[in-house]
Amino acid sequence: MEFISPTEFAKEKIQAVQEFSLLAGRSISNLFRTPRYLADTIQQADLIGVGSLPIVAGAGFSIGAALALNSANTLQRFGSLSLLGQLVSLGMVRELGPVLTGLMVAGRNASGMASELGSMMVTEQIDAMRALGTDPLKKLVTPRLVSTVVMLFFLTILADLFGLLGGAAFSVLAFGINWHQYWSKAQQVLVFQDVLMGLTKPVLFGFIIAAVGCYYGMSARGGTQGVGRATTQSVVVSSLLIIVVDLFATRLLMTLFAYH
Amino acid sequence: MTAPPIAAPESIPDARRPPGPALVFENVSIAFEGRDVLDGISFQLPHGETKAIFGVAGSGKSTILKLALGLIKPDDGRIWVLGSEVTAMTEEDLFALRRRIGMVFQESALFDSLTVRENVAFRLLEEGDVTEEEVEEPVREVLSFVELEPTIDLFPSELSGGMRRRVAIARAIIAHPEVLLYDSPTGGLDPVTSTTIIELIVKQRDVSKTSALMVTHRLQDAFMMATHYFDIKTGALKELPPGQRGEVPMSFLILRDGKIIFDGDLRELANCADPYIREYIS
């Protein structure tokens, strides 16, 4: 294993942050420049949105059900089982729905973007695109960024819904809670700030997933091994960033929305 | 240098050509990981000429092409292509200039998820507000030029190495570029396929009068280009008579240790006394 000096290591990391910021900045500014690749954006939206639907629905249902099962155990001790709908609803909409969907889509799509763009990079297809007078950031990165942000927003809504359904199914079947009671409690507890917080996070997470996936893809070097490394790193970094950003976003949004 | 004994229309009328050479390198230097790959090189490519670049592996041949396209920036020096200073342009401005240049990459670099038709039509579809139906005719025309029309619906992975290289040439020339850059167009190909590719390059040089830089390891390819011309009447390569050999717009450039050690035409190369060059061409 090759050792590098701490100065070199720091330089490399700072350069990586700089390159990531430039890629993210230019991808956003490309939204206001022509040409706009609408067909590519729709194709990516289909791949990310429709393609991720089954896993997001399945994961949402399971986590909602598991949340209901775990919470029921505690609530039963205090004789407050009727609050189960409220607990699942708040947990799913404010926290688990966005984070879970973000992590699922990061695993599926950040890796997909990194491997696809990475393969194009190491086979000179990205250089060929630049040589043909096309900006790869406009053609490849911006459509992925837009479609991930938009589709993650809707996928999170679906994950929340399936989570609530999972919670409802187990509340009714395992604990005999009334179906209507569950849903009315789940609905009553939610305030506008909860929904706003739950739907602000997927916008941030969508940006993280696409920007990190594309960044690692566009920086892939060293053949198939380099593509493999880029793919792994994209999943690790985007997942970690989602969790860390979730913490800060929760704190910030709670302050902004005046939570008590 | 006199024109070859062919009569063909020029793709770019002289009036439209920017003044001066098609390409100029002035004291260009670049280093990778502390190693000087190009060390203050200067040369010019006149309009309509093809310049073959030689050198051992790692001598910076492909780097010259990438520098000319602005895909990478030199550490020092200036580069002009078609009158524009590439080294002073932003990436955004370079996209417009690159549309006037064609490049054939070493490994073809075809878009593997697109068909031959989509690969060849890529530039036309990107450049203007045209439909796929409107580009069908030029795509078929250029594929017929490289004799690959039947492969139009195939994917690059379904083609042989030589066919991929010809599709890459078709993709590079479809928009009638003013400068062509070939990166080892015959590298790794069998002699018969190599000759087919060289025929295409000579055809492009003599029919369209396109200025070109060609990186190659194969001296015999460059010699063939310097001793043959494309005869439009017969549609084939013809050898120049012994007295006229080298009288085509063709020159040679040899790199060694980051420096240019030779830049001249066939006659100058044949008469060169430098022992390294003598050994190189023997």
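Draft legend 1. Representation of the overall build of chain A. A count of helical and extended segments in chain A gives eight helices and zero strands. Judged by the C-alpha coordinates and their principal axes, chain A covers about 65 × 45 × 35 Å. In chain A, buried positions account for 43% of the 260 residues. For chain A, the proportion of contacts with a sequence separation of at least 24, taken over those separated by at least 6, is 88%.

Draft legend 2. The sheet that holds strand 3 (residues 50-54) of chain B, seen in detail. Residues and elements named next belong to chain B. Strands sit in the order 6-7-8-3-11-12 across an open sheet of six strands; the sheet is mixed. Each having just a single partner strand, strand 6 (101-104) and strand 12 (259-264) make up the two edges of the open sheet. For this sheet the average axis-to-axis angle between neighbouring strands, irrespective of direction, equals 15°. Here strand 7 (residues 179-183) runs beside strand 8 (residues 211-215); their pairing, made up of five bridges, is parallel. Bridging across to strand 8, L181 finds its partner in L213. Along the sheet face, helix 5 (residues 161-173) touches strand 6 and strand 7 and points at about 170° away from the line of strand 6.

Draft legend 3. Up close: the sheet that holds strand 5 (residues 84-85) of chain B. All names here are of chain B. Within the open sheet, the four strands sit side by side as 2-1-4-5. Their pairing is antiparallel. The sheet terminates laterally at strand 2 (35-45) and strand 5, the two strands that pair on one side only. Strand direction decides the pairing type here: strand 1 (residues 23-32) and strand 2, joined by seven bridges, are antiparallel. Pairing of A31 across the sheet is with D36, part of strand 2. Of the strands in this sheet, strand 1, strand 2 and strand 4 (76-81) touch helix 1 (residues 61-69), which is tilted by about 115° from strand 1.

Draft legend 4. The arrangement of the environment of D221(B) in detail. Residues and elements named next belong to chain B. Relative to the helices and strands, D221 is located in helix 7 (residues 219-227). The sequence separation of D221 and E26 amounts to 195 residues, and the corresponding C-alpha distance is 27 Å. Filtering out sequence-adjacent residues up to four positions away, D221 remains in contact with T186, S194, I198 and T216.

Draft legend 5. Up close: the interface of chain A and chain B. At the interface, 11 residues of chain A touch 14 residues of chain B. Tallied by class, the residues present in the side of chain A that touches chain B amount to three nonpolar, four polar and four charged.

Draft legend 6. Expanded view of the packing of helix 5 of chain B against helix 6 (residues 191-207) of chain B. Residue and element names in this part refer to chain B. Across the interface, helix 5 lies against helix 6 with an axial gap of 10 Å and an inter-helix angle of 10°. Taken together, the axis directions place helix 5 and helix 6 in an arrangement best described as roughly parallel. For the pair helix 5 and helix 6, the contacting residues are G162, R165, R166, I169 and I173 in the first and T193, T196, I197, L200 and Q204 in the second. Partitioned by chemical class, the residues of the contact of helix 5 with helix 6 number four nonpolar, four polar and two charged.

Draft legend 7. How the structure looks around the nonpolar core. Residues A68(B), A170(B), L181(B) and L213(B) are the most contacted members of the largest nonpolar core, which totals 78 residues. In this structure, A170(B) is in contact with V120(B), V142(B), L143(B), F145(B), V146(B) and L148(B), ignoring residues within four places of it in sequence. Core analysis: the next-biggest nonpolar cluster, separate from the first, contains 59 residues, A65(A), A68(A), V149(A) and I209(A) among them.

Draft legend 8. Up close: unusual backbone geometry. Between T34(A) and the following residue, P35(A), the backbone shows a cis peptide bond with an omega angle of -5°. Position of P35(A) relative to the elements: it lies in the loop between helix 1 (6-29) and helix 2 (38-77). Look at E33(B): it is not a glycine, yet its phi comes out positive at around 50°. With respect to the helices and strands, the residue E33(B) is situated in the loop between strand 1 and strand 2.

Draft legend 9. View of helix 1 of chain A. Taking 1.5 Å of rise per residue, 24 residues should cover 34 Å, and helix 1 of chain A covers 34 Å from first to last C-alpha, within 8% of that figure. The buried fraction of helix 1 of chain A amounts to one of the 24 residues, a small share that puts the element mostly on the outside.

Draft legend 10. The packing of helix 6 of chain B against helix 7 of chain B, seen in detail. Residue and element names in this part refer to chain B. The N-to-C vectors of helix 6 and helix 7 enclose an angle of 40°; their axes lie 10 Å apart at closest approach. In terms of orientation, helix 6 lies oblique with respect to helix 7. In this structure, the crossing between helix 6 and helix 7 has a hand that is right-handed. From helix 6, S194, I198, I201 and V202 reach across to helix 7, where they touch D221, M224 and M225. Taken together, the residues that form the contact of helix 6 with helix 7 break down as five nonpolar, one polar and one charged.

Draft legend 11. Region of interest: the pairing of strand 4 of chain B. Residue and element names in this part refer to chain B. Taken together, the five bridges between strand 1 and strand 4 define a ladder with antiparallel strand orientation. Residue pairing in the sheet places L23 in a bridge with V81 of strand 4. Where strand 4 lies against strand 5, two bridges are found, and the strand directions are antiparallel. Bridge pairing in strand 5 links V81 to S84. What sits between the antiparallel neighbours strand 4 and strand 5 is a turn of two residues, in which L82 has the positive phi angle 50°.

Draft legend 12. Molecular detail of the confidence of the model for chain B. Residues and elements named next belong to chain B. Looking at chain B as a whole, its pLDDT mean stands at 88, while 93% of the residues score no less than 70. Per-element averaging of pLDDT across chain B places helix 9 (residues 275-281) at the bottom with 83 and strand 4 at the top with 96. Contacts of residues 1-15 to residues separated by more than four positions or lying in other chains number 24 contacts, the stretch itself having pLDDT below 50. Two numbers describe this predicted complex: its pTM, 0.87, and its ipTM, 0.86.

What counts, and at which threshold
- Residues numbered from 1 in each chain as written.
- Chains lettered and ligands numbered in written order.
- Predicted model: local features only at pLDDT ≥ 70, side-chain atom pairs only at ≥ 80, totals over all residues.
- Helix = DSSP H or I, 4+ residues; strand = E, 2+ residues; numbered from the N terminus.
- Buried ≥ 20, exposed ≤ 12 C-beta atoms within 10 Å, placed from the backbone.
- Contact = placed C-beta atoms within 7 Å.
- Pairing = 2+ DSSP bridges.
- Axes fitted to C-alpha atoms, helices over the stretch in contact; angles between N-to-C directions.
- Nonpolar A, V, L, I, M, F, W, Y, C, P; charged D, E, K, R; others polar.
- Parallel < 35°, antiparallel > 145°, perpendicular 65-115°, else oblique.
- Core = buried A, V, L, I, M, F, W, Y, C linked by C-beta atoms within 7 Å.
- Expected span 1.5 Å × (residues − 1).
- Left-handed = near helix turned anticlockwise from the far one by under 90°.
- pLDDT = per-residue confidence, 0-100.

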